[in-house]
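Summary of structural features
Residue strings, one per chain:
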Amino acid sequence: MMTVLRRTVLGLLLALFSLPTVAQEVVHQDYSEALLEELDASGEPYILDFYAPWCVTCAAQQRVIGALQAENEAYREVTIVQVDWDTHREGPLVAELGIPRRSTLVLMQGGEEIMRLVADTRREAIEGLFEAAL
């Protein structure tokens, strides 16, 4: 009986330590026209994150962004505005910027687009977006 219990406990411990690490939550704000007006007036760079909660590519981008923010405190200072694709895909912001799809990241400053990534999940590309914002 003790051997079975020991194997069970060892198996559970092995399974626990084999789990992937918990993803870092992305520091962000939810989109509103008032927020964008405030950010544009401040002149500070910010990132528009056009995402959908069901989008696999968006989830991959979120994991990379969360990891980068966890590793570099300066990246946490760059405002990320999440724009829910399901709610805003027919809205004026998407039309004005010509956003082709969800999983689009756009670096903005003073109401002007600086840089854009479309469906790009590469760490170095997303890190480049943050670096351009600093």
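Refer to the structure presented above.
Now for a quick tour of the structure. Residue numbering note: each chain is counted from 1, following its sequence as written. Totals for whole chains, interfaces and linings use all residues, but because this is a predicted model, local features are given only for residues with pLDDT of at least 70 and pairs of side-chain atoms are given and counted only at 80 or more. Side-chain measures here rest on the full set of heavy atoms in the structure, leaving out hydrogens and waters.

Counting from the N terminus, the helices are the DSSP runs of H or I reaching at least four residues and the strands are the DSSP runs of E reaching at least two. Among the secondary structure elements, P100 is positioned in the loop between α6 (92-97) and β4 (104-109). Sequence separation between P100 and F50 is 50 residues; the distance between their C-alpha atoms is 9.9 Å. By definition, residues are in contact when any of their heavy atoms lie within 4.5 Å. Not counting residues up to four positions away in its chain, the partners in contact with P100 are W85, R116 and V118.

Most of strand β3 (residues 79-84) is tucked away, with 6 of its 6 residues classed as buried. Throughout, exposure labels follow a simple rule: accessible area from a 1.4 Å probe, protein chains only, divided by the maximum for the residue type, with under 20% read as buried, over 50% as exposed, and the rest as partly exposed. Here β3 shows a buried face lined by T79, V81 and V83 and a second buried face lined by I80, Q82 and D84. Two strands pair under a simple rule: DSSP has to find at least two bridges between them. Sheet analysis places strand β2 (residues 46-51) next to β3, joined by 6 bridges and oriented parallel. Residue pairing for β3: L48 is matched across the bridge by V81.

Moving on, we come to the layout of surface pockets. The computed volume of the largest pocket comes to approximately 200 Å³. Taken together, Y31, E33, L36, E37, D40, Y46, P92, L93, E96, M108 and G111 make up the full set of residues lining the largest pocket. Here the lining of the largest pocket takes 4 residues from helix α2 (residues 33-42), the largest share from any one element. In this classification, Asp, Glu, Lys and Arg are treated as charged, Ala, Val, Leu, Ile, Met, Phe, Trp, Tyr, Cys and Pro as nonpolar, and every other residue, Gly included, as polar. Grouping the amino acids of the lining of the largest pocket by side-chain chemistry returns 6 nonpolar, 1 polar and 4 charged. A cavity here means a set of points on a 1 Å grid, drawn over the protein atoms and nothing else, where a 1.4 Å probe fits but cannot get out; a pocket is an open set with protein on both sides within 12 Å along at least five of seven lines, and a residue lines either one if it has an atom within 4 Å of a point. Grid points are joined across faces, edges and corners, and a volume is the space filled by probe spheres set on the points.

A few words now on the packing of aromatic side chains. Any aromatic ring pair is given by two values, namely how distant the centres are and how the planes are angled relative to each other. Two rings from Phe, Tyr or Trp (for Trp, the six-membered ring) form a pair when their centres are within 6.5 Å of each other. A pair whose planes differ by under 30 degrees is stacked, one over 60 is edge-to-face, and the rest are tilted. Scanning all chains against the criterion turns up 1 aromatic pair. Here the aromatic rings of Y75 and F130 are separated by 4.7 Å at their centres, their planes lie at 20 degrees, and the arrangement is stacked. Of the two residues, Y75 sits in helix α4 (residues 73-76) while F130 sits in helix α7 (residues 123-133), which places them 55 residues apart along the sequence. Each member of the pair, Y75 as well as F130, carries the same accessibility label: buried.

Let us now look at α7. Restricting attention to buried positions, one finds in α7 the residues A125, I126, L129, F130 and A133. For α7, the angular spread of the buried residues around the axis is 145 degrees, confining them to a single face. Those residues of α7 that are buried are in contact with β2, α3 (56-71), α4, β3, β4 and β5 (112-118). Note that the arc is computed from the directions linking the helix axis to the C-beta atoms.

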